[in-house]
Amino acid sequence: MIDEVTRDILERLPSSYLHLPTYAVGIISRVSRIKELMCFGLDDVQIVGIWGMAGIGKTTLAKAAFNKFSHRFEGTSFLENFRDYFKKPEGKFHLQKKLLSDILRRRDDAVFNNMDHAVKQRFRNKRVLVVIDDVEDVVQLHSVAIHLSCFGPGSRIIITTRNKHLLEQLGVVNIYSPKELNADESLDLVSWHAFKESEPPEEFLQLSKNLVEYCGGLPLAMEVLGAFLYKRSVPEWKSTLESLKRIPDDNIQAKLQISFDGLNALQKDIFLDISCFFIGMDKDYVGCILHGCKLDPGIGLSVLKERCLITVHDNRLMMHDLLRDMGRYIVQGTSRSNCETWSRLWDRDHVIDVLANYSGTDATEGLSLKAEVTAVENFEAKAFSNLRKLRLLQLSHVALNGSYENFPKGLQWLCWLGFPEESFPINLHLRSLVVMDMQKSNLKRLWNDQKPHVPLKELKYLDLSHSIHLIETPDFSYLPNLEKLLLINCQSLVKVHKSIQVLQGSLILLNLSGCIKLGELPLELYTLKSLETLILSGCSHIERLDDALGELESLTTLKADHTAITQIPSSSYKLKKLKELSLHGCKELWKDRHYTNSDESSQVALLRPLSLAGLNSLKTLRLGCCNLTDELVPENLGSLSSLEELDLQGNSFRNLQTDFAGLLSLQILKLDNCSELRSMFSLPKKVRSLYARNCTVLERTPELKECSVLQSLHLTNCYNLVETPGLEELKMVRVIHMEMCNSIPYTDRERIMQGGAVGSSGGIFVPGSSLPDWVNFKNGTRSISFTVPDPTLNFDLIGFTVWTTYVSQQDDVMSACTPNITLKNQTKGDIWSRNPATEHIRMYLEKHIWQGHFSNEDFLLETGDQVEVSVDFGDEVTILETGLTLAYREVTEVPNEQLTEIDDEVPNEQPAETDDEVDYEVLIDESQRRPPRKVGMGLKTVLGAFGLLAFIVVLGKHGSPLRRHNHLRRNKIEKDKEKDATVHIFSFLDY
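Per an unreviewed UniProt entry, the recorded name for the protein chain is Disease resistance protein RUN1 isoform X2, and the organism is Raphanus sativus.

(A) Examining the overall build of the protein chain more closely. Helix and strand counts for the protein chain come out as 22 helices and 43 strands. Looking at the 991 residues of the protein chain, the share that counts as buried comes to 53%. Considering only intrachain contacts with a sequence separation of at least 6, the fraction spanning at least 24 residues in the protein chain is 63%. For the protein chain, the exposed area adds up to about 43,300 Å²; of that, 48% sits on carbon and sulfur atoms.

(B) Broad picture of unusual backbone geometry. Positive phi, close to 55°, is recorded for Asn-81, a residue that is not glycine. Within the secondary structure, Asn-81 sits in the loop between β2 (75–79) and α4 (82–86). For Asn-81, a relative accessible area of 31% puts it in the partly exposed group. In this model, Met-740 sits at a positive phi of 65°, which is unusual for a non-glycine residue. Mapped onto the secondary structure, Met-740 falls in the loop between β30 (735–737) and α19 (746–755).

(C) Broad picture of the sheet that holds strand β4 (residues 156–161). A sheet is described by the order of its strands in space; here 5 strands give the open sequence β2-β3-β4-β1-β5, paired in parallel fashion. Here the strands that pair on one side only, and so sit at the sheet edges, are β2 and β5 (174–176). Across the sheet, the mean angle from the axis of one strand to that of its neighbour is 15°, orientation sign disregarded. Across 3 bridges, strand β1 (residues 46–51) lies against β5 in parallel orientation. Counterpart to Val-48 in the pairing with β5 is Asn-174. Against the sheet, helix α5 (residues 91–104) makes contact with β2 and β3 (128–132), and its axis sits at roughly 155° relative to β2, the strand it touches most.

(D) Up close: helix α17 (residues 321–332). For α17, spanning 12 residues, the distance from its first C-alpha to its last is 17 Å, which sits close to the expected 16 Å at 1.5 Å a residue. Among all positions of α17, only Leu-322, Leu-323, Asp-325, Met-326, Gly-327, Tyr-329, Val-331 and Gln-332 are buried. For α17, the elements touching its buried residues are α10 (205–215), α11 (219–228), α13 (250–261), α14 (265–278) and β8 (344–345). One or two positions beyond α17, positive phi appears at Gly-333, with a value near 55°.

(E) Quick peek at empty space enclosed by the protein. Tallying each qualifying case throughout the model produces 7 cavities of 30 Å³ or more. The computed volume of the largest cavity comes to approximately 100 Å³. Arg-83, Asp-134, Val-135, Glu-136, Thr-161, Arg-162, Asn-163, Ile-258, Ser-259, Gly-262 and Arg-307 together form the lining of the largest cavity. Partitioning the lining of the largest cavity into residue classes produces 2 nonpolar, 4 polar and 5 charged.

(F) Fine view of the pattern of salt bridges. What the rule picks out here adds up to 33 salt bridges. Salt-bridge contacts for Arg-232 lead to Glu-236; the nearest nitrogen and oxygen are separated by 3.9 Å. Within the structure, one salt-bridge network assembled from shared partners comprises Asp-269, Asp-273, Arg-344, Glu-365 and Arg-391.

(G) Fine view of the environment of Asn-386. Note that Asn-386 resides in the loop between β10 (377–380) and β11 (392–396). Between the alpha carbons of Asn-386 and Asp-362 there is a distance of 6.6 Å; along the sequence they are 24 residues apart. Sequence-distant contacts of Asn-386, defined by excluding residues within four places in its chain, comprise Tyr-358, Gly-360, Thr-361 and Asp-362.

(H) Inspection of the packing of α14 against α17 at higher detail. Between α14 and α17, the least distance of the axes is 9 Å, while the angle of their chain directions is 110°. Judged on the interaxial angle alone, α17 and α14 are roughly perpendicular. In terms of crossing hand, the pair formed by α14 and α17 is left-handed. Residues Phe-271, Leu-272, Ser-275 and Cys-276 of α14 form the contact with α17, whose participating residues are Leu-323, Arg-324, Met-326, Gly-327, Arg-328, Ile-330 and Val-331. Among the residues forming the contact of α14 with α17, the class breakdown is 7 nonpolar, 2 polar and 2 charged.

(I) Layout of helix α16 (residues 297–306). Pro-297, Gly-300, Leu-301, Val-303, Leu-304 and Glu-306 are the residues of α16 that are buried. Taken from the residues just after α16, Cys-308 is the one with a positive phi, measuring 65°.

(J) Broad picture of the nonpolar core. Within the largest apolar cluster, 229 residues are counted, with the highest numbers of intra-cluster contacts made by Leu-367 and Leu-512. Element by element, the count of residues in this core is highest for α14, at 7 residues. Filtering out sequence-adjacent residues up to four positions away, Leu-512 remains in contact with Leu-487, Leu-493, Val-496, Leu-518, Leu-521, Ile-535, Leu-536 and Cys-539. Ranked by size, the runner-up nonpolar core spans 28 residues in total, among them Leu-823, Trp-832, Ile-841 and Trp-850.

(K) Representation of the packing of aromatic side chains within the structure. Evaluated as defined, the whole model comprises 28 aromatic pairs. Judged by centre distance (5.9 Å) and plane angle (0°), the rings of Phe-123 and Phe-151 are stacked. Taken together, the residues Phe-123 in the loop between α6 (115–121) and β3 and Phe-151 in the loop between α7 (138–143) and β4 connect sequence positions 28 residues apart. You can call Phe-151 buried: its relative accessible area is 6%. An aromatic cluster is built from Phe-800, Tyr-806, Trp-832, Trp-850, Phe-854, Phe-859 and Phe-873, whose rings are joined through pairwise contacts. Cation over ring: Arg-127 sits above Phe-73, and NZ or CZ is 4.9 Å from the ring centre. For the cation-ring pair, Arg-232 lies above Phe-228, with the distance from its terminal atom to the ring centre recorded as 4.3 Å.

(L) Molecular detail of the side chain of Ser-537. Along the chain, Ser-537 turns up in the loop between β18 (533–535) and β19 (557–559). A relative accessible area of 15% means that Ser-537 is categorised as buried. In contact with Ser-537, not counting residues within four places along its chain, are Ser-513, Gly-514, Lys-559, Ala-560 and Asp-561.

(M) Structural context of the pairing of strand β40 (residues 866–872). Sheet topology note: the strand β33 (residues 783–787)/β40 ladder contains 5 bridges and is antiparallel. Residue pairing for β40: Ile-784 is matched across the bridge by Val-869. Alignment of strand β36 (residues 820–825) against β40, held across 6 bridges, turns out to be antiparallel. Across the sheet, the residue bridging to Leu-823 is Val-869, located in β40.

(N) Region of interest: the sheet that holds β33. In spatial order, the strands read β33-β40-β36-β37; together these 4 strands make up an open sheet with antiparallel pairing. Strands at the two margins of the open sheet, each flanked by one partner only, are β33 and β37 (830–834). The mean angle between the axes of side-by-side strands here comes to 15°, regardless of whether they run parallel or antiparallel. In the sheet, β36 pairs with β37 via 5 bridges, with the strands oriented antiparallel. By the bridge assignment, Lys-824 is partnered in β37 with Ile-831.

(O) Structural view of the packing of α11 against α13. Two numbers describe how α11 lies on α13: the axes approach to 9 Å, and their chain directions differ by 160°. Classified by the angle their axes make, α11 and α13 are roughly antiparallel. Where α11 crosses over α13, the two elements pack in a sense that is right-handed. Between α11, through Leu-220, Ala-221, Val-224 and Leu-225, and α13, the contact on the second element is made entirely by Asn-251, Ile-252 and Lys-255. Broken down by class, the residue content of the contact of α11 with α13 amounts to 5 nonpolar, 1 polar and 1 charged.

(P) Structural detail: the environment of Asn-174. With respect to the element layout, Asn-174 can be found in strand β5. Along the backbone, Asn-174 and Ile-34 are 140 residues apart, and their C-alpha atoms lie at a distance of 9.0 Å. Polar side-chain contacts of Asn-174 include one of 3.0 Å to the backbone oxygen of Leu-37.

The rules we used
- Residues numbered from 1 in each chain as written.
- Predicted model: local features only at pLDDT ≥ 70, side-chain atom pairs only at ≥ 80, totals over all residues.
- Heavy atoms only, no water.
- Helix = DSSP H or I, 4+ residues; strand = E, 2+ residues; numbered from the N terminus.
- Buried < 20%, exposed > 50% of the residue type's maximum accessible area, 1.4 Å probe, protein only.
- Contact = heavy atoms within 4.5 Å.
- Areas by Shrake-Rupley, 256 points an atom, 1.4 Å probe, with all protein chains shown as cover.
- Pairing = 2+ DSSP bridges.
- Axes fitted to C-alpha atoms, helices over the stretch in contact; angles between N-to-C directions.
- Expected span 1.5 Å × (residues − 1).
- 1 Å grid on protein atoms, 1.4 Å probe; cavity = no way out; pocket = protein on both sides within 12 Å on 5 of 7 lines; lining within 4 Å.
- Points joined across faces, edges and corners; volume = space filled by probe spheres on them.
- Nonpolar A, V, L, I, M, F, W, Y, C, P; charged D, E, K, R; others polar.
- Salt bridge = Lys/Arg side-chain N within 4 Å of Asp/Glu carboxyl O.
- Parallel < 35°, antiparallel > 145°, perpendicular 65-115°, else oblique.
- Left-handed = near helix turned anticlockwise from the far one by under 90°.
- Core = buried A, V, L, I, M, F, W, Y, C linked by side-chain atoms within 4.5 Å.
- Phe/Tyr/Trp six-rings, centres within 6.5 Å; stacked < 30°, edge-to-face > 60°.
- Lys NZ or Arg CZ within 6 Å of the ring centre and 35° of its normal.
- Polar contact = N/O pair within 3.5 Å; in protein donor to acceptor, adjacent residues only side chain to side chain.

Take a look at the structure:
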């Protein structure tokens, strides 16, 4: 009887704590992200996805979240290594049995006669937490009979996977993608594994940093290699690091290769091509090559991205260094020393060896040889004769001698940087070529009098940019299917061949920027019905565009910056698809040179405004430095309802009378360097970034409180600016630059800083020599230390505000150093580095104040934590004083049956950035954005008219005091405020 009771009690006890790595660096902040995605308080069943590359720490994070939140649920189960178990003969039974026994806390197998039915029915009324670790595809889940309908209201399912498409198939909205550890976290993790302490010994410091660089923030790599190097000598460390350059670690390799093994044959080829040749290249460029190789890049690149084998940044293909090394290691196969048998050759020494010894084989599909810029490598063309299956060839500063008769005829990509000849060899057969990239060549003409034997019908992409001797374009009748033509900075180009009309159904991009001798465009160019992008910027001799411009019916982008163009043709109203028009630096734009004064025989210029009629799709308009005066500002500027970015910087208008209030799509307005600007009629209500730097006579901005979504304001060097009405009322502003705005009264500057104390996470920059009086905790160095107090009032710590005064020996110069804020939680051993949302600091001889707010969601500071915060603006900037205040939120007690998780409520999403231009000072990383919430019972319903107050609370002797440095300074006013225990209310958070 006692045994039965004991067994029953044990079965009803909570699930056992899952073991975590001893040194789980950075896990706390990442668990806080998971908490946000769990949406506690909502009664529907939700899935949270943790998606990332192998070794990034998905399982560790899922275990930590499981340990943290298990107590909230009636039943829990952690199905580890789901993919591996599923592939075993009894895998399905094992997984179902574990799920049922974990949640029901029963060990009697006889109860589950029909496992599928039991999984589907037994949990319908239970609030459960289930973690399914390492799922490969949705079929696995369905086979085990796991579905959302299996679980009761309020249940949460966490799925870890390398495959984002799996989560998309399941309709998962809340997906967290863990990022690599930063440099400080990485060094910390390496130190714990290699030395069992938080910092490496001095003699190992540089070696440890080298190891961190090699691992690229991947926790798995740092754990494996750190443990391997434990108690090893300096020579052993050096030998290991040198060896890793040639041969990856087997344990890391095996883990990473799982994702590669799950690809099909075409996708594997794409991955290997990228790892050997295409890292850092434009995605569309590479896609064109891969499409020519019939590798189906449309789906292939998507799959690689979903499996975390590649990433795309600024449309460039990127790959983690360890994945790159894995790909190249796979190419080498078992023949490490026999490079002639490899399918791809990328290493300079290996390539030279193959070409010098004429030892190439049919096995090689791709070859890259990049010689030093100062020394051209010379080889015989016949060295390529045995590379008959070659499809990818990249050469840089290489000269080939002899006949090309036996050169590989199946090339699909030829990239030959610095091609040395004046024309292309006629006996070089390129009938399969898809992409020809001949930048910085010595070409005068693509072909001389002799033309190729057959048209290059497969050629889609031709780049002859920076070929400064090129005189004319090729005869396009031999390139009938060309889609993209780039002739950037071809300074000798004087002629575009009239045969370009044969491309009217194919050419979508023509880039002639920097062709300074090109005086006119052939009329045939205006027949290109498919042309989407025309770039003429820097063609300083082009004075006119033909009135047939309106016939370019597909045109979406027209850039003609710094040209001699005097007018946009009247037919431009036909350009219904035009989204971007850039005429920056066109100083003659307003002159009608065909106007003749009746009293004079000579032609004179008549000034008239640019007409923008009919351009209803225009999203970006750049008219900077165009000699615009008050009379020449386009009259219909305010009618461009789709306009998102407007650049009017560097012009001469004094009173900008355009009514921007009606431009509800306008998000970016640039008025920098308008040195005569005195007044503006209005501002766009939806503007997010306003630039008016160096507007030296501007005294007052328009009313700003209507600009409710303004996120960045740039008023640097507006010396006469006196008033910015409504700025202190804005709560979304993240960056405010007001350097050298000395005419603004200091009391107004203080109000701006008070108004921005909670919302301005990026920073406020204002003139000033001392920190405001309400900043009670100050230190005369670049750092400040404190112990997080236990407030006697019912407050939650939501963040802190850092203040600093700074000065420089430079005046009105941007610093070369990116500013950095470092927080060390000495109690927990965490180290955080943050860059304020500004790339660089503008330095001045006069003293300035910077203020920035940081959310505690990033740092998870708790009562009793001993913390040091330091500010680093670079060697050229001197930090004079540092201050800090803590930001608290009042917590109101609400009955459990009414509460919907107050600490999980979040503000609404910020508006998305435009595609055309991103203001990098206010950019929020997608991985840190909160997901859209399904709104249940909001706090307004719960708290009624009481709302939520956001307090900046200065706790002196109120509760546990902040621990100061011995040299921490406090003035008499500060002491009086401490005695009075004053609570300053700076703003309200409306939830």
